[in-house]
Amino acid sequence: MKAGGPTAAELLERDFECDRLAVAIDAALAGEGSAVALEGEAGIGKSSLLAHVTRRGRDAGMRVLTARGGELEREFAYGVVRQLFDGPLMALDSHERESVLGGAAGLALPALSGTDRHGGAAADPGSVLHGLYWLTANLAAGRPLLITVDDAHWADNASIAFLAYLARRIDGLALLVVYATRVAEGADELLPATAERGLVSEVLRPGVLSAPATLELIGWMLGSDSSDEFAHACRVATAGNPFLLQELLRALQADGITPDSTSCERVAQIAPGAISRAILARLRRLGRPATRLAFATAVLGKSAALRHAAALAELDLGAAGTAADTLTSAAILGDGRPLEFIHPIVRTTVYAEIPAAQRAASHMRAALLLEADGADAAELAPHLMATEPAGDPGVVRRLRAAADDVRDRGAPDAACDYLARALAEPPAPERRADVTYELGSAELSAGRGGAIAHLRDALGGDLDPRLQMAAATDFAGALSIAGEVQQGVELLASLIAKLDADGDAETAMKLEGVFACTAQLDPATSPQVRTRLARWEGRLRGDSVGERLLLASMAFDAAHRPVPAAHAAELAELALGDGRLLREQTNYAANFPLAAWTLVWADRLERAEQLYTLAIDHAHERGSLIGFAIATGCRSQVRFRQGRIAEAEAEARSMLDDEAGVWRLGRPMLIACVIDAMVERADVEACERFLATHGIDEDMAAYSMGSRLLHSRGHLRLVAGDPAGALRDFEQIRGREQRSRLETAAVPTRGSAALAHAQLGEHERARELAGEELERARVWGTPSALSFALRTAGVVAGGDEGLELLRGAAAAGEHSPARYEHVRSLVEYGAALRRAGRRSAAREPLREALELADRCGALRTAARARDELLATGARPRRAARSGADALTPSERRVCRLAADGLGNRDIAQALFVTVRTVEGHLTLA
């Protein structure tokens with residue numbers, strides 16, 4: 001690319017692409033964002049088109065951010081992001097900078113230069129993406145914005161993730177994103193190359209030059225008209241590729257070739273696969289200083305400071321400047337500073353010419369040179385990655401520092417790569433376990449599959465004692481996420497035994513709490529937890545971190561034993577420690593969710609909602625997208641029980657719709673919540689399509705939270721008239737409970753199975769199971785458990801006995817916070833009274849049920865209450881399906897926040913959606 005923008009030669013036959021880019025610019029100026037991909041082989045002219053759109057954007061008054069990927073820079077986390085934002089942010093005054101980095105945009109700071117992350121918690125990758133999106137949105141709000149990225153296939157993974165995240169949310173922004181990428185050349189799947197994947201509005205694929213354009217270019221470069229034969233030979237030799245054609249013509253020009261038919265043989269000699277040789281021949285003719293400077297520039301990367309290239313080439317600054325000018329005149333380097341090759345093909349050609357051993361040594365020297373000049377560890381890492389492993393402690397130290405830095409900044413993928421290279425160096429034996437732990441921990445953050453193996457190796461080695469607890473906690477989290485709890489609990493138990501033997505009581509207690517909550521997630525390992533917890537019974541008051549971790553598991557275990565719910569709730573409150581447990585745990589620990597969920601089962605729904613809302617606020621403060629996902633997903637379950645069905649569905653769907661899949665472990669629970677809501681708000685076929693869309697198999701054995709989904713699917717099958725299928729689901733849960741010894745009245749499996757048996761005509765078995773459920777519910781003692789168990793027993797028993805049980809079910813739920821259970825019991829009681837001929841008595845519970853069901857958004861239950869009222873001779877009001885009642889779950893969720901006084905941008909930032917989404921919901925509402 002020549003300085004000053006593309007020339008007419010470089011835009012030959014690019015009128016269509018230029019016109020489409022002009023349309024996209026006009027749309028961005030009008031507030032309609034879009035992303036355009038330029039795809040094609042190397043040299044086809046993508047960079048020229050990017051230069052053209054950059055010039056057009058500036059002329060139109062747009063703020064323009066540009067970046068370019070590089071082969072070496074692929075290892076530099078957020079390298080492209082920093083190219084885009086660092087300069088423009090520095091150009092702003094302090095007030096403007098504070099404004100564009102306000103709100104959620106502040107979460108982008110870890111990805112930008114000049115931000116010291118050490119000493120704080122590592123940034124969550126998802127929150128950094130969210131912050132970068134809002135930084136972009138804020139910049140675009142002040143002035144229409146154009147972002148261009150050349151050679152995007154060489155962008156670092158963290159920057160690619162940002163481009164993909166931005167493209168999905170570009171609608172409604174005064175923004176145009178244009179990126180250029182080579183076809184089938186290593187572009188990460190996060191940056192799809194086709195519009196079919198929905199991330200770009202348009203894909204432009206510049207074509208090869210035609211015969212007339214080839215003639216025109218020859219005339220411009222060689223200064224005379226060409227024969228048709230010569231032009232044809234050139235076009236065939238370069239396949240019409242504009243850059244390769246220009247390189248061929250430069251080589252022919254240097255040889256003094258005239259463009260006539262007699263020179264066709266010379267074209268054939270130079271061109272076939274020999275463009276690189278022509279470039280190197282041109283380089284060698286420039287002399288040794290120029291060659292050495294070109295080699296140094298190729299090692300340093302796409303933008304090299306002259307002083308660094310001079311030092312690496314062992315030239316004084318004056319000689320290096322002269323050599324740079326010579327390389328520019330020969331079309332090897334571009335104009336200006338820093339030093340940059342005229343085209344990536346040229347850089348690749350020059351770099352490949354350097355012998356492998358010399359390249360590796362040069363990268364080591366480059367790293368030391370940059371370090372001496374004040375570069376941070378992350379800037380050194382790409383060079384260190386290109387060196388040969390040699391057992392150098394300095395390389396290990398620098399790579400570990402780089403990994404620490406980029407992980408703090410929310411780029412754990414890059415940290416994994418640096419630490420894997422450090423491990424290959426290798427480190428000194430006494431440091432190997434520490435490096436292995438760091439690698440495993442980074443892999444856990446990045447969602448990579450090697451985390452368990454590396455964390456296991458680290459715990460089995462001579463791990464630094466300071467890191468042992470952290471490694472064990474990460475190991476437990478990795479096991480939970482991967483669903484491989486059985487494989488790791490033995491190692492955790494052995495570590496606890498060792499700590500006990502060493503007399504480190506508090507650390508052993510902490511690890512025991514981590515072990516317990518991890519083992520409780522798997523039916524095969526949870527039985528041993530109860531035995532281990534028994535020795536702590538009555539001894540803990542929540543006075544330390546270790547005690548609180550243990551109490552969380554004890555509360556969860558109590559919820560699965562025949563004890564009153566009040567006892568389990570008391571243990572849970574001790575564990576929660578007025579919020580201390582939340583602040584103390586890591587993203588991957590399950591102790592807080594287990595303690596809070598015990599309160600849900602204990603019908604402390606208002607308290608549980610407060611806790612999960614606190615957890616959402618805490619996640620926002622830390623910028624933890626995984627923490628936000630877990631807390632939001634759990635709160636959706638609470639709200640469903642409270643009868644806030646539309647809100648519950650909206651929250652659960654928002655987590656399921658997240659393309660990053662930040663809470664994979666909780667998918668079954670989220671799907672269950674949506675299904676429960678859809679049973680009330682949609683037909684059976686829609687529910688079944690939803691399940692099929694989310695790939696739910698018949699067997700839930702592989703899902704650690706599968707019981708919750710099995711329970712919901714079983715009840716869906718009851719509604720659909722498939723009691724045999726429902727019974728299979730309930731029996732799967734029973735099997736899991738028996739293996740784990742974790743049975744709770746809060747998940748009424750026996751009662752649910754009783755309903756299936758009753759539909760199948762197996763009344764004796766139905767009565768037996770309903771009786772068992774009622775017995776358990778009376779011990780547990782919560783209104784919701786009693787209401788369900790009494791209702792089930794009444795439906796199964798029928799007659800006068802059943803009517804009395806249903807009366808008890810309605811009464812039990814009267815003061816319960818679980819309004820959804822109460823409304824269902826009211827309907828069954830009213831229907832039973834109507835069937836018994838007591839139509840007048842039936843009207844009161846049915847009217848109450850209808851009013852409550854409408855308020856809950858329980859449309860199916862409301863319809864049944866209305867039908868039953870009609871059957872009593874009453875004239876109930878029609879269903880309200882206008883105003884708030886007509887809103888979708890997502891619309892209602894947005895409207896609620898708007899009613900609380902939040903502006904559109906605040907709502908969008910809080911819900912991790914776009915302003916356009918919020919505006920659409922409010923418009924429809």
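Residues numbered from 1 in each chain as written. Predicted model: local features only at pLDDT ≥ 70, side-chain atom pairs only at ≥ 80, totals over all residues. Heavy atoms only, no water.

1. Points about the sheet that holds strand S1 (residues 34–40)
Just so we agree on the cut-off: Two strands make a pair as long as DSSP finds a minimum of two bridges between them. Helix and strand definitions here come from DSSP, where helices need a minimum of 4 consecutive H or I residues and strands a minimum of 2 consecutive E residues; each element is numbered from the N-terminal end. Only C-alpha atoms enter the line fits that serve as axes; for helices the fit covers just the stretch in contact. Angles between N-to-C directions range over 0 to 180 degrees. In what follows, residue pairs with any heavy atoms lying within 4.5 Å of each other are defined as contacts.
Spatially, the 5 strands line up as an open sheet ordered S2-S3-S4-S1-S5, and their pairing is parallel. The open sheet has two edge strands, strand S2 (63–68) and strand S5 (202–204), and neither has a second partner. Strand after strand, the sheet turns through a mean of 15° between neighbouring axes, direction not considered. Here S2 runs beside strand S3 (residues 145–150); their pairing, made up of 6 bridges, is parallel. Bridge pairing links Val-64 to Leu-146 in S3. Its contacts with the sheet put helix H2 (residues 46–59) on S1, S2, S3 and strand S4 (175–182), and the angle it makes with S3 is roughly 165°.

2. Observations concerning the pairing of S3
Where a strand is regular, its side chains alternate between the two sheet faces. Which entries qualify depends on this criterion: For each residue, the accessible area found with a 1.4 Å probe, counting protein chains only, is set against the maximum for its type, and the residue is called buried under 20%, exposed over 50%, and partly exposed in between.
With 6 of its 6 residues buried, S3 lies for the most part within the structure. Every second residue of S3 is oriented toward a common face, with Leu-145, Ile-147 and Val-149 on one face and Leu-146, Thr-148 and Asp-150 on the other, all of them buried. For S3 and S4, the ladder comprises 5 bridges, and the chain directions are parallel. By the bridge assignment, Val-149 is partnered in S4 with Tyr-179.

3. Some details on the pattern of salt bridges
This is how the line gets drawn: Salt bridges are counted wherever a side-chain nitrogen of Lys or Arg sits within 4 Å of a carboxyl oxygen of Asp or Glu.
Enumeration over the complete set of coordinates arrives at 46 salt bridges. Here Glu-438 makes a salt bridge to Arg-400, at a shortest N to O gap of 2.5 Å. Placement of Glu-438 in helix H20 (residues 429–446) and of Arg-400 in helix H18 (residues 393–408) is noted, with a sequence separation of 38 residues between them. For Arg-644, the salt bridge identified is with Glu-647, shortest N-O distance 3.1 Å. Both residues of the pair, Arg-644 and Glu-647, belong to the buried class. Each of Glu-609, Arg-635, Arg-639, Arg-644, Glu-647 and Glu-651 takes part in salt bridges that share partners, so that together they form one network.

4. A look at helix H24 (residues 505–519)
In an α-helix there are 3.6 residues to a turn, and that puts residues three or four apart on one side. Put simply, the test is: Expected helix span is given by 1.5 Å per residue-to-residue step, counting one fewer step than there are residues.
Taking 1.5 Å of rise per residue, 15 residues should cover 21 Å, and H24 covers 21 Å from first to last C-alpha, within 8% of that figure. Where H24 is buried, its residues touch helix H22 (465–482), helix H23 (489–502), helix H25 (526–534), helix H26 (545–558) and helix H29 (591–601).

5. Quick word on unusual backbone geometry
Looking along the chain, the bond that leaves Arg-337 and enters Pro-338 is cis, with omega of 0°. Take Pro-338: it is sitting in the loop between helix H14 (317–329) and helix H15 (344–353). The step from Glu-425 to Pro-426 runs through a cis peptide bond, and the omega angle for that step is -10°. Mapping Pro-426 onto the fold places it in the loop between helix H19 (412–424) and H20. Phi at Ala-239 is positive, roughly 55°, even though this residue is not glycine. Note on placement: Ala-239 falls in the loop between helix H8 (228–238) and helix H9 (242–254). Notably, Asp-578 is not glycine yet its phi reads approximately 55°, a positive angle. For Asp-578, the location among the structural elements is in the loop between helix H27 (565–576) and helix H28 (580–584).

6. Looking at the side chain of Glu-737
Put simply, the rule is: What qualifies as a polar contact is a pair of N or O atoms within 3.5 Å, subject to a donor-acceptor requirement within protein and to the restriction that residues adjacent in sequence count only when both atoms come from side chains.
Tracing the sequence through the fold places Glu-737 in helix H36 (residues 723–740). Exposure remark for Glu-737: the relative accessible area of 5% places this residue in the buried category. A distance of 3.1 Å separates the side chain of Glu-737 from the side chain of Thr-749, its partner in a polar contact. Beyond its immediate chain neighbours, meaning those up to four positions away, Glu-737 contacts Leu-742, Glu-743, Thr-744, Val-747 and Thr-749.

7. Describing the nonpolar core
Basically, it comes down to this: To form a nonpolar core, buried Ala, Val, Leu, Ile, Met, Phe, Trp, Tyr and Cys residues must be joined to one another through side-chain atoms within 4.5 Å.
Judged by nonpolar contacts, the single largest core of 156 residues is most densely connected at Leu-511, Phe-592, Tyr-612 and Trp-780. Ranked by the residues each element gives to this core, the list is headed by helix H33 (residues 667–681), at 10 residues. Setting aside residues no more than four positions away along its own chain, Tyr-612 makes contact with Phe-592, Pro-593, Ala-596, Trp-597, Val-600, Ala-631, Cys-634, Arg-635 and Val-638. Ranked by size, the runner-up nonpolar core spans 77 residues in total, among them Leu-65, Leu-112, Ala-158 and Leu-370.

8. Quick word on the pairing of S1
For S1, the buried fraction is high: 7 of the 7 residues fall into the buried class. Here S1 shows a buried face lined by Ser-34, Val-36, Leu-38 and Gly-40 and a second buried face lined by Ala-35, Ala-37 and Glu-39. By the bridge criterion, 7 bridges tie S1 to S4 in an arrangement that is parallel. Bridge pairing in S4 links Leu-38 to Ala-180. Relative to S5, S1 runs parallel, the two being bridged by 3 bridges. Paired with Leu-38 across the strands is Leu-204, a residue of S5.

9. Concerning the packing of helix H39 (residues 783–797) against helix H40 (residues 799–812)
Operational definition: Convention used here: angles under 35 degrees read as roughly parallel, angles over 145 as roughly antiparallel, angles from 65 to 115 as roughly perpendicular, and any remaining angle as oblique. Note: crossing handedness is left-handed where the near helix turns anticlockwise from the far helix by less than a right angle, and right-handed where it turns clockwise.
The contact between H39 and H40 brings their axes to 7 Å, and the two run at 165°. Relative to H40, the element H39 lies roughly antiparallel. Here H39 and H40 pass one another in a crossing that is left-handed. Along its contact with H39, which presents Pro-783, Leu-786, Ser-787, Leu-790, Arg-791, Ala-793, Gly-794, Val-795 and Ala-797, the element H40 presents Gly-799, Glu-801, Gly-802, Leu-805, Leu-806, Gly-808, Ala-809 and Ala-812.

10. Thoughts on the environment of Val-350
With respect to the element layout, Val-350 can be found in helix H15. Each C-alpha atom, one on Val-350 and one on Thr-291, is 9.0 Å from the other, the two residues being 59 residues apart in sequence. Filtering out sequence-adjacent residues up to four positions away, Val-350 remains in contact with Leu-280, Leu-283, Ala-294, Phe-295, Ala-298 and Phe-341.

11. A short note on the packing of aromatic side chains
Keep this limit in mind: Aromatic pairing here means that ring centres of Phe, Tyr or Trp (its six-membered ring) are within 6.5 Å. Orientation follows from the plane angle: under 30 degrees is stacked, over 60 is edge-to-face, and everything else is tilted. Here, over-ring charges are defined by two tests on the NZ atom of lysine or the CZ atom of arginine: distance to the ring centre within 6 Å, and angle to the ring normal within 35 degrees.
Applying the stated criterion across every chain yields a total of 7 aromatic pairs. Arg-169 extends its terminal NZ or CZ atom over the ring of Tyr-165, reaching a point 3.5 Å from the ring centre.

12. A closer look at the environment of Leu-101
With respect to the helices and strands, the residue Leu-101 is situated in the loop between helix H4 (94–100) and helix H5 (125–142). For the pair Leu-101 and Leu-89, spaced 12 residues apart in sequence, the C-alpha to C-alpha distance is 9.3 Å. Dropping the residues within four chain positions of it, Leu-101 is found in contact with Gly-106, Leu-109, Leu-112 and Leu-135.

13. Remarks on the state of the cysteines
Put simply, the rule is: Cysteine sulfur atoms that pair up within 2.5 Å are treated as a disulfide.
Within this structure, the stated rule accounts for 0 disulfides. The thiol of Cys-264 is unpaired, and the distance to the nearest cysteine sulfur, on Cys-234, comes to 7.6 Å.

14. Some thoughts on the packing of helix H11 (residues 275–284) against H15
To keep it simple, the criterion reads: Nonpolar residues are Ala, Val, Leu, Ile, Met, Phe, Trp, Tyr, Cys and Pro. Charged residues are Asp, Glu, Lys and Arg, and all others, Gly as well, are polar.
One can describe the packing of H11 onto H15 by two numbers: an axis separation of 10 Å at closest approach and a directional angle of 75°. Of the possible angle classes, the one that applies to H11 and H15 is roughly perpendicular. Contacts from Ser-276, Ile-279, Leu-280, Leu-283 and Arg-284 of H11 reach H15 at Val-346, Thr-349, Val-350 and Glu-353. Of the residues assigned to the contact of H11 with H15, the class counts are 5 nonpolar, 2 polar and 2 charged.

Without other data, these values stay purely geometric and don't point to any function.
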